[in-house]
2 protein chains.
Amino acid sequence: MSGGHITIEDVAAAAGVSRQTVTRAMNGMPEISQRTRELVLRTAAELGYRPSRFASNLAARRKVRSIGLVLGSLRNPYYTELAAELLDVVTPRGWQVLMASHEQGDDVALVAALSGQADAIVGYFIGDETDLVAAARGVPLVQVERPATVSGMHAVIVDFDAAIEALLDELRSRGARRFGLIESSMPPEDGRRYRPTRRRRSYERFAGPDSADAVVVAEESIRGGADGLVRLRAKHPDVDTVVVFNDLMAMGAMQQAQLDGVAVPGDLRVVGVDGLSLGAVMSPPLSTLSIDRRALAAEAADIVSTLLDGAEPPPQPSVVRTVLPRPLWRASA
Amino acid sequence: MSGGHITIEDVAAAAGVSRQTVTRAMNGMPEISQRTRELVLRTAAELGYRPSRFASNLAARRKVRSIGLVLGSLRNPYYTELAAELLDVVTPRGWQVLMASHEQGDDVALVAALSGQADAIVGYFIGDETDLVAAARGVPLVQVERPATVSGMHAVIVDFDAAIEALLDELRSRGARRFGLIESSMPPEDGRRYRPTRRRRSYERFAGPDSADAVVVAEESIRGGADGLVRLRAKHPDVDTVVVFNDLMAMGAMQQAQLDGVAVPGDLRVVGVDGLSLGAVMSPPLSTLSIDRRALAAEAADIVSTLLDGAEPPPQPSVVRTVLPRPLWRASA
DNA sequence: AGCGTCACCGTGAACGTTCACGGAGTGAGG
DNA sequence: CCTCACTCCGTGAACGTTCACGGTGACGCT
């Protein structure tokens, strides 16, 4: 007999039984006759009763663990394959995953919203770390591909430096003379200012002085990759080997090359970053710097585990792990 | 001063303040001095206090809505693009999405686990509807691509019949003489028995008597598609047009064709189902029967909305919507 | 001195469910 | 008739947080 909302008490009253009996009926418990069970279920349905999952979880002292996952986009298979790996790691432990993407949205606001529903949040963040930690309201944060600089933030980082150096060396030994880079414009240029990514910085460190500035910034999508390639070739016609920020953009670039009659890898070597399995079905198959998503997910889950199940006083200000990408040579380079 | 678990009361005691003050500190509320806020925050961190989100949501009468999404796999871009669309539809309303896949797992168990955390569950289900509804424990269920036959189950279905008839007609007019189908083996053959999918049944209805049995069943993956094609061509060498269960498998089939020196679309027309944007970067670009994922997601969200925010007595036993696929002609057929 | 204001802090009472009990009724067995 | 067991059902007391309200000092003003 309440205002807007129907509680267990309302159902009990309407059915002429007690709270506990309603619980028994709803949850399929014993100690209830078939007759009353059906009666209760029917009146519950008629009233449109939906149990409060918050009250239920609280009272039952349930220990469900759910972790928030914040991705850059769900339209890039890299992110969703990472999500798949995380799910594989985490589902056997009975954890659940709350998914979100900051494609067009505010990083920090997302974390704030998620913090009420998740026990930990891991993901690709772009916002200010202090803001993020504040928004998290005490729930542990694990960021990927970016080192943690404030307390309360943890990280699993991808060490591009060594990998990209090796990658470029191998490319040189395969005949590469002049490199170019198609870089991502994330975080988007509108509003915020563009900041060079870690991948770009690693590239510039090892590409050699003449190639370090052969960089174009493009949208993080297939179209963006294609667009980036035409701009790169216009500005630096002598580039014979192009490294692309990620595989999705690399696919766009390869398609564009084909459209423009540029032979890959004959006229132009193309190599992406991520290691998408879909790159293998391109023609030619896409060479790529593969990021071990399974390891990434496992490390992230492990950090969360440490943070949540660890000793009473949390271990360190920040716990960080590292993952090493490795080249996956296919025909495109 | 509890057993294993640290509550707000413990923090209050340790800091020498009251519950409410701890709340104020944790949630950044006013009416608290900077000094005590820091004190509380520090002791909370030292104790490893993590507020119970259940108690918090209950007491604050928060109306967070989270909906569970059960997909076949997160490694198939079709599913994740659907997830992306759902997120786009649902995030502006402030809803959150709990993601899961039944790749190797039990359908019904998943719903049971999710039902404690979600206000509604939508997805691709394969289990028995009655079991699913029972496992949902009162939370509304919306299944995709399968009509609802029991009360408590709702559906948004994809009408393949008309679309596949039109598709095959057009293919015939483009010269197709003999069709073949690469069908999915989901639900997996191990344990459960294989059941023909709706897509297969629509195909068999319109492929003509001589093509209705030119069907091979393969795993739902790139490799599966490739494997399916070799088996299909071995058994039915005269097939000149192959319809593939989904785009992912179709990509595998196309790659296999290329490996076997079969020209597409010259020797063999290939057409998939789903409408993946990635199909466009294949060479040749993949023709496909496109499913409008945005509409699908919107309909599902709308059903959930109706169910949850609707009048006290829920509308009908089952509410169902329909989405029409449409052909997307690219070069592969 | 008296009063009001302001900044800070604490105390019942919710929130809606489940758990641990205890109790009523029935029927069988002595 | 008493007892025991068994089935079914109801009543306080949690669960851990937030809300509404009330209180206490300090300070300034008349």
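The rules behind each value
- Residues numbered from 1 in each chain as written.
- Chains lettered and ligands numbered in written order.
- Predicted model: local features only at pLDDT ≥ 70, side-chain atom pairs only at ≥ 80, totals over all residues.
- Heavy atoms only, no water.
- Helix = DSSP H or I, 4+ residues; strand = E, 2+ residues; numbered from the N terminus.
- Polar contact = N/O pair within 3.5 Å; in protein donor to acceptor, adjacent residues only side chain to side chain.
- Contact = heavy atoms within 4.5 Å.
- Pairing = 2+ DSSP bridges.
- Axes fitted to C-alpha atoms, helices over the stretch in contact; angles between N-to-C directions.
- Buried area = accessible area lost by both parts, 1.4 Å probe.
- Salt bridge = Lys/Arg side-chain N within 4 Å of Asp/Glu carboxyl O.
- Buried < 20%, exposed > 50% of the residue type's maximum accessible area, 1.4 Å probe, protein only.
- Right-handed = clockwise from strand over helix to strand, strands pointing away.
- Near = heavy atom within 4 Å.
- Nonpolar A, V, L, I, M, F, W, Y, C, P; charged D, E, K, R; others polar.
- Least-squares fit on C-alpha atoms with pLDDT ≥ 70 in both.
- Core = buried A, V, L, I, M, F, W, Y, C linked by side-chain atoms within 4.5 Å.
- Domains from an automatic or database assignment.
- Phe/Tyr/Trp six-rings, centres within 6.5 Å; stacked < 30°, edge-to-face > 60°.

Going by an unreviewed UniProt entry, chain A carries the name LacI family transcriptional regulator and comes from Jiangella aurantiaca.

Residue and element names in this part refer to chain B. If you trace the backbone, Arg199 turns up in helix H9 (residues 198-206). Within the structure, Arg199 has its side chain in polar contact with the side chain of Glu145 (distance 2.8 Å). Non-local contacts of Arg199, meaning those with residues more than four positions away in its chain, are made with Glu145, Phe160, Ile164, Phe245, Asn246, Val273, Asp274 and Ile291.

Glancing now at the sheet that holds strand E12 (residues 326-328) of chain A. Residues and elements named next belong to chain A. Ordered in space as E7-E6-E8-E9-E10-E12, the 6 strands form an open sheet in which the pairing is mixed. Of all the strands in the sheet, just strand E7 (215-218) and E12 have a single pairing partner and so form its edges. For this sheet, the mean inter-axis angle between neighbouring strands, taken without regard to orientation, is 20°. The pairing of strand E6 (residues 179-184) with E7 spans 4 bridges and is classified as parallel. Within the sheet, the bridge partner assigned to Ser184 lies in E7 and is Ala218. Together, E6, E7, strand E8 (241-244), strand E9 (269-274) and strand E10 (287-290) form the strand contacts of helix H11 (residues 247-259), whose direction differs from that of E9 by roughly 160°.

With 58 residues of chain B at the interface, the matching set in chain A holds 58 residues. Interface of chain B and chain A: buried area, both sides summed, is about 5000 Å²; carbon and sulfur atoms make up 52% of it. Remark: the boundary between chain B and chain A carries 6 salt bridges. Here Arg75 of chain A ties to Asp88 of chain B by a salt bridge, and the two come within 2.1 Å at their closest N and O atoms. Here chain B is connected to chain A by 21 residue pairs in polar contact (both at pLDDT 80 or more). Among the elements that line the side of chain B that touches chain A, the one with the most residues is helix H5 (residues 77-90) of chain B, at 7 residues.

On to the pairing of strand E3 (residues 120-123) of chain A. Residue and element names in this part refer to chain A. The alternating pattern of E3 places Ala120 and Val122 and Ile121 and Gly123 on opposite faces, both of which are buried. Of the strand pairs in this sheet, strand E1 (residues 66-71) and E3 are connected by 4 bridges, and their pairing is parallel. Bridging from a neighbouring strand, Ile67 pairs with Ala120 of E3. Judged from the 3 bridges that link them, E3 and strand E4 (residues 141-144) form a sheet pairing that is parallel. Bridge pairing in E4 links Ile121 to Leu141. Between the parallel pair E3 and E4, the chain is carried across by helix H7 (residues 129-136), and the sense of this crossover is right-handed.

This brings us to the pattern of salt bridges. Tallied over the entire structure, the rule returns 38 salt bridges over all chains. A salt bridge links Arg65 of chain A to Asp309 of chain A; its shortest N-O distance comes to 2.5 Å. Of the two residues, Arg65 of chain A is situated in the loop between helix H4 (53-59) and E1 and Asp309 of chain A in helix H12 (residues 293-309); the sequence distance between them amounts to 244 residues. For Asp227 of chain A, the salt bridge goes to Arg231 of chain A, with nearest N and O atoms at 2.6 Å. With a gap of 4 residues between them, Asp227 of chain A and Arg231 of chain A both fall in helix H10 (residues 222-235), about one helical turn apart. Accessibility expressed as a relative area gives 35% for Asp227 of chain A, which makes it partly exposed. By sharing partners, the salt bridges in this structure join Arg75 and Glu103 of chain A together with Glu85, Asp88 and Arg294 of chain B into a single network.

This part takes up the protein's contact with DNA strand D. In the neighbourhood of DNA strand D, 28 residues make up the surrounding shell, with Arg19 and Thr21 of chain A together with Ile8, Tyr49 and Ala59 of chain B lying closest. The protein-proximal atoms of DNA strand D, defined as those within 4 Å of the protein, are 54% sugar or phosphate. The side chain of Arg19 of chain A places a nitrogen or oxygen atom 2.3 Å from a base oxygen of DNA strand D. Arg24 of chain A places a side-chain nitrogen or oxygen 2.8 Å from a base nitrogen of DNA strand D. Take the surface near DNA strand D: its biggest share by element is 4 residues, from helix H2 (residues 19-26) of chain A. The residue makeup of the surface near DNA strand D, split by class, is 11 nonpolar, 12 polar and 5 charged.

On to the relation of the copies chain B and chain A. Two chain copies here: they are related by a rotation about an axis and a translation along the same axis. The operation relating chain B to chain A is a screw motion whose rotation component is 180°, with 0.1 Å of axial translation and a residual RMSD of 0.1 Å. The transformation relating the two chain copies, once decomposed into turn and shift, fits a two-fold axis.

What follows is about the protein's contact with DNA strand C. Taken together, 28 residues sit near DNA strand C, with Ile8, Tyr49 and Ala59 of chain A together with Arg19 and Thr21 of chain B positioned nearest. Backbone atoms, meaning sugar and phosphate, form 55% of the atoms of DNA strand C found within 4 Å of the protein. Contact between DNA strand C and Tyr49 of chain A: a phosphate oxygen at 2.7 Å from a side-chain N or O atom of the residue. Taking Thr21 of chain B, its side chain carries an N or O atom lying 2.5 Å from a phosphate oxygen of DNA strand C. Mapped by element, the contributors of at least two residues to the surface near DNA strand C are H2 and H4 of chain A together with helix H2 (19-26) and helix H4 (53-59) of chain B.

What follows is about H2 of chain B. Residue and element names in this part refer to chain B. Those residues of H2 that sit buried are Thr21, Val22, Arg24, Ala25 and Met26. Those residues of H2 hidden inside the fold are in contact with helix H1 (8-15) and helix H3 (34-47). Gly28, located one to two residues past H2, shows a positive phi value of around 60°.

The subject of this paragraph is the nonpolar core. Grouped together as the largest cluster of nonpolar side chains are 158 residues, with contacts concentrated most on Ile182 and Leu296 of chain A together with Ile182 and Leu296 of chain B. Not counting the four nearest positions on each side in its chain, Ile182 of chain A is found in contact with Val216, Ala218, Gly225, Gly228, Leu229, Leu232, Val242, Val243, Val244, Phe245, Met249 and Ala253 of chain A. In this structure, Leu114 of chain A together with Val70, Ala100 and Ala118 of chain B belong to the second largest nonpolar core, which totals 32 residues.

What follows concerns the domain arrangement of chain A. Domain boundaries assigned for chain A yield domain 1 (8-59), domain 2 (66-158 + 293-324) and domain 3 (160-290). Distance between the C-alpha centres of domain 1 of chain A and domain 3 of chain A: 60 Å.

To continue, consider the packing of aromatic side chains. Within the structure shown, the criterion is met by 6 aromatic pairs over all chains. Pairing Tyr78 of chain A with Tyr124 of chain A gives two aromatic rings, centres 6.2 Å apart and planes at 80°, and the pair type is edge-to-face. Placement of Tyr78 of chain A in helix H5 (residues 77-90) and of Tyr124 of chain A in the loop between E3 and H7 is noted, with a sequence separation of 46 residues between them. This pair shows no difference in class: Tyr78 of chain A is buried, exactly as Tyr124 of chain A is. Seen from their ring centres, Tyr78 of chain B and Tyr79 of chain B are 5.5 Å apart, and the 65° between their planes marks the pair as edge-to-face. Both residues of the pair, Tyr78 of chain B and Tyr79 of chain B, belong to the buried class. By way of ring pairs, the aromatic residues Tyr78, Tyr79 and Tyr124 of chain A are connected into one cluster.

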